[in-house]
Amino acid sequence: MQGMGKPIIVLDFGAQYSKLIARRVRESNVYSVIVPFNAPLDSIRALDPVGIIFSGGPASVHAAGSPMPDPKVFELGVPILGICYGVQLFAHLLGGKVERSDRREYGIAHLENDDTSGFLAGVDARTQVWMSHGDAISIMPPGFQVIGRTENCPYAAIVKPDVRFYGVQFHPEVVHTPQGSQILSNFVHTICGCAPDWTMGSFVERAIADIRKRVGGKRVLCALSGGVDSSVAAMLIHRAVGDQLTCVFVNNGLLRKGEAELVQQVFRENFHIDLRYIDAERRFVTELAGIEEPEAKRKIIGRVFIEVFEEEAARLGHNDFLAQGTLYPDVIESMSATGGPSAIIKSHHNVGGLPETMQLELLEPLRELFKDEVRAAGKELGLPDDIVWRHPFPGPGLGVRCIGAITKERLDTLRDADAIFIDEIKKAGLYGEIWQALVCLLPVKSVGVQGDERTYEEVCSLRAVTSEDAMTADWYRFPPDVLQRVANRICNEVKHINRVLYDVTSKPPGTIEWE
């Protein structure tokens, strides 16, 4: 996006935490981007970075084929922060030495801090940090000074002040380093001199200006799902070009209870957006009849959506742009640390897969944002909390929560159970603590006693998880009385369910969704 300002570049060496580093920088109100470690120097220079962060990574600097940056990156004249593997690159490439540690350091350690005025300013003289490394610096490169150490790591924090190179063996980006945000803030503000001007208010202003410039007098078509991503994208574009935007909302029969009504009320009645509502429930359910294999369901749902969307686009006449709610994690996942394609990009993240014959240019105004930033942008744009803060919902919707065969009756049963679960979570004041809560209808039946009669009905499983980015997740510890109320209401109020389970599987080994 134009006008974003000079970024902090996170050079990715294959770390699982690269996205987290970029997010932490943005939490300091500084714009950051992730770039593969082997990006050509010219492309890095073209971004005009104000600072660079070398991420960690699983490799050893001594291993054949280990990821290495262009050595000339050290000559760009900007501050560089190396984290874990990143600081070992300093020693390996700048005249020091890295060796396999006698004792691998993993987990909590305590940093003794000598720096009170610069990189570690505001950090306690002794503070908890998170370590995860087998190699370590054994000989510091020339010109570097030690400013922090742990019991097992004498070079836990180092600096070469004349060129503003800083390195830490620990991970300041994780929550297990409680003062890590302070350290990263010191780097971007004090060392790099960045102003705290990356805010969602400033983003919204720039995004609207960019959309107006790019779209001009042309028309935009947006597939609106009712989720926060497509909703914020639609609001941004509407704010920029008004009636040049047409939104298409397809009811595939796999939505949550009341969702179709909510989306129409918010966008058509409240914000007066040109919204075309397509009721395709019968078509989707018919196509899914008898299909139980999860990937087959996803493909059918995706194919039918494309068919319905294409048909409506043809009825609407000429459009120039297709708007999508693509987020920055989707962009990052399209490349590995080596710059190649990732193994799988889930088709339900976007409308991706629409035929090239539509000849529409993609418009993705949120492709620079993380999920939490999208929510903040939604608040800036005046979207109601029911949309801004609603839990993530998969593109195939209830199709991947109705385990086994899909029928209209089973979908209605699942919808009712899901609505009760969410209602009780909100009544208990717990909705904001949970990343995602859902109900799955299982392909088994259970004997029960309801109203003094023997029943043989379906079983559902409740699932609720906490997470920061959905890459990992832990099951939510409900107060027992909340689960009891949910189970009682579902068994009493929902036809065809007589048993309620609670899923206590974390991710990994499980996934958040069942299919």
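Residues numbered from 1 in each chain as written. Predicted model: local features only at pLDDT ≥ 70, side-chain atom pairs only at ≥ 80, totals over all residues. Heavy atoms only, no water.

**Overview of the overall build of the protein chain**
Looking only at helices and strands, the protein chain features 14 helices and 18 strands. Expected size for 515 residues packed as a compact globule is a radius of gyration near 24 Å; at 26 Å, the protein chain falls within 12% of this value. Along the first, second and third principal axes, the C-alpha set of the protein chain runs to 80 × 60 × 40 Å. Looking at the protein chain as a whole, 54% of its 515 residues qualify as buried. Counted over contacts in the protein chain with a minimum sequence separation of 6, partners at least 24 positions apart contribute 74%. (Helix = DSSP H or I, 4+ residues; strand = E, 2+ residues; numbered from the N terminus. Rg over C-alpha atoms; globule rule 2.2 N^0.38 Å. Buried < 20%, exposed > 50% of the residue type's maximum accessible area, 1.4 Å probe, protein only. Contact = heavy atoms within 4.5 Å.)

**A short note on the layout of surface pockets**
The probe, sized like a water molecule, is rolled over the atoms to show the empty space still left. By volume, the second largest pocket is sized at about 810 Å³. A total of five residues in the lining of the second largest pocket trace back to one element, the largest contributor, which is strand S6 (residues 126-139). Considering only residue class, the lining of the second largest pocket consists of 12 nonpolar, 13 polar and eight charged. (1 Å grid on protein atoms, 1.4 Å probe; cavity = no way out; pocket = protein on both sides within 12 Å on 5 of 7 lines; lining within 4 Å. Points joined across faces, edges and corners; volume = space filled by probe spheres on them. Nonpolar A, V, L, I, M, F, W, Y, C, P; charged D, E, K, R; others polar.)

**Brief notes about the nonpolar core**
With 109 residues, the main nonpolar core has Phe-54 and Phe-267 as its most contacted residues. The greatest single-element share of this core, amounting to nine residues, is contributed by helix H6 (residues 228-241). Ignoring any residue separated from it by four or fewer positions in sequence, one finds Phe-54 in contact with Leu-11, Phe-13, Pro-69, Val-73, Phe-74, Ile-80, Leu-81, Gly-82, Ile-83, Gly-86, Leu-89 and Phe-90. (Core = buried A, V, L, I, M, F, W, Y, C linked by side-chain atoms within 4.5 Å.)

**Description of the pairing of strand S12 (residues 274-279)**
Here strand S11 (residues 245-251) runs beside S12; their pairing, made up of six bridges, is parallel. Each bridged residue has a counterpart across the sheet, and for Val-250 the counterpart in S12 is Ile-278. In the classification by handedness, the crossover that spans S11, the intervening helix H7 (residues 259-270) and the parallel S12 is right-handed. (Pairing = 2+ DSSP bridges. Right-handed = clockwise from strand over helix to strand, strands pointing away.)

**A short note on the sheet that holds strand S10 (residues 220-223)**
The strand order across the open sheet formed by five strands is S12-S11-S10-S13-S14, and the pairing between neighbours is parallel. Strands with a single pairing partner mark the edges of an open sheet, and in this sheet they are S12 and strand S14 (361-363). Between one strand axis and the next, the sheet turns by 25° as a mean value, whatever way the strands run. Two strands pair when backbone bridges link them, and strand S13 (residues 321-323) and S14 are joined in this way by three bridges, in the parallel orientation. Among the inter-strand pairings, Phe-321 is bridged to a residue of S14, identified as Glu-361. Sheet contacts for H7: S11 and S12; angle to S12, the most-contacted strand, approximately 165°. (Axes fitted to C-alpha atoms, helices over the stretch in contact; angles between N-to-C directions.)

**Here's the deal with the packing of aromatic side chains**
Enumeration according to the criterion identifies 21 aromatic pairs in this entry. Between Trp-198 and Phe-203, the ring centres sit 6.0 Å apart and the planes meet at 70°, which makes this aromatic pair edge-to-face. Of the aromatic side chains, those joined through ring pairs into one cluster are Phe-13, Phe-37, Phe-54, Phe-74, Tyr-85, Phe-90, Phe-144 and Phe-165. Directly above the ring of Phe-393 sits Arg-256, whose terminal nitrogen or CZ lies 4.0 Å from the centroid. (Phe/Tyr/Trp six-rings, centres within 6.5 Å; stacked < 30°, edge-to-face > 60°. Lys NZ or Arg CZ within 6 Å of the ring centre and 35° of its normal.)

**Focus: helix H8 (residues 281-288)**
When H8 is considered as a whole, its buried residues turn out to be Glu-281, Phe-284, Val-285 and Leu-288. Angularly, the buried residues of H8 cover 95° about the axis, an arc narrow enough to put them on a single face. When the buried face of H8 is taken as reference, the exposed residues oriented beyond 90 degrees from it are Arg-282 and Thr-286. Contacts from the buried residues of H8 go to S11, S12, helix H9 (294-316) and helix H13 (408-427). One or two residues past the end of H8 sits Gly-290, with phi positive at roughly 80°. (Arc of directions from axis to C-beta.)

**Brief notes about the pairing of strand S16 (residues 453-466)**
Pairing of strand S15 (residues 436-450) with S16, which is carried by 13 bridges, proceeds in the antiparallel orientation. Bridge pairing in S16 links Ala-437 to Ala-464. The pairing of S16 with strand S18 (residues 497-502) spans five bridges and is parallel. Its bridge partner being in S18, Ser-461 is matched across the sheet by Leu-501. One ladder, built from two bridges, connects S16 with strand S17 (residues 474-475); its direction is antiparallel. Within S17, the position partnered with Val-465 by the bridge is Trp-475.

**A closer look at the side chain of Ser-28**
Within the secondary structure, Ser-28 sits in the loop between helix H1 (18-27) and strand S2 (32-36). Taking the relative accessible area as the measure of exposure, Ser-28 reaches 10% and is therefore buried. In this structure Ser-28 touches Ser-185, Val-188, His-189 and Pro-196, once residues within four positions along its chain are discounted.

**Observations regarding the packing of helix H5 (residues 200-215) against H6**
The geometry of H5 relative to H6 is characterised by a closest axis approach of 8 Å and an angle of 60° between their N-to-C directions. Looking at the two axes, H5 sits oblique to H6. In terms of crossing hand, the pair formed by H5 and H6 is right-handed. Between H5 and H6, the contacting residues are Phe-203, Val-204, Ala-207, Ile-208, Ile-211, Arg-212 and Val-215 on the first element and Leu-236, Ile-237, Arg-239, Ala-240 and Val-241 on the second. For the contact of H5 with H6, the class distribution of residues is 10 nonpolar, no polar and two charged. (Parallel < 35°, antiparallel > 145°, perpendicular 65-115°, else oblique. Left-handed = near helix turned anticlockwise from the far one by under 90°.)

**Thoughts on H9**
Under the 1.5 Å per step criterion, the end-to-end length of H9 is 33 Å for 23 residues, consistent within 8% with the ideal 33 Å. Where H9 is concerned, the buried positions are Lys-297, Arg-298, Ile-300, Ile-301, Val-304, Ile-306, Val-308, Phe-309, Glu-312 and Ala-313. For H9, the secondary structure elements touched by its buried residues are S10, S11, S12, H8 and S13. Sitting at the amino-terminal end of H9 is Glu-293, which places a side-chain oxygen 3.1 Å from the backbone nitrogen of Glu-295. Backbone geometry just downstream of H9 places Gly-317 in the positive-phi region, at approximately 90°. (Expected span 1.5 Å × (residues − 1). Polar contact = N/O pair within 3.5 Å; in protein donor to acceptor, adjacent residues only side chain to side chain.)

**What to know about the environment of Asp-279**
Mapped onto the elements of the fold, Asp-279 is located in strand S12. The exposed category is assigned to Asp-279, whose relative accessible area is 52%. Taking the C-alpha atoms as reference points, Asp-279 and Gly-253, separated by 26 residues in sequence, lie 8.0 Å from one another. A polar side-chain atom of Asp-279 sits 3.3 Å from the main-chain amide nitrogen of Glu-281.

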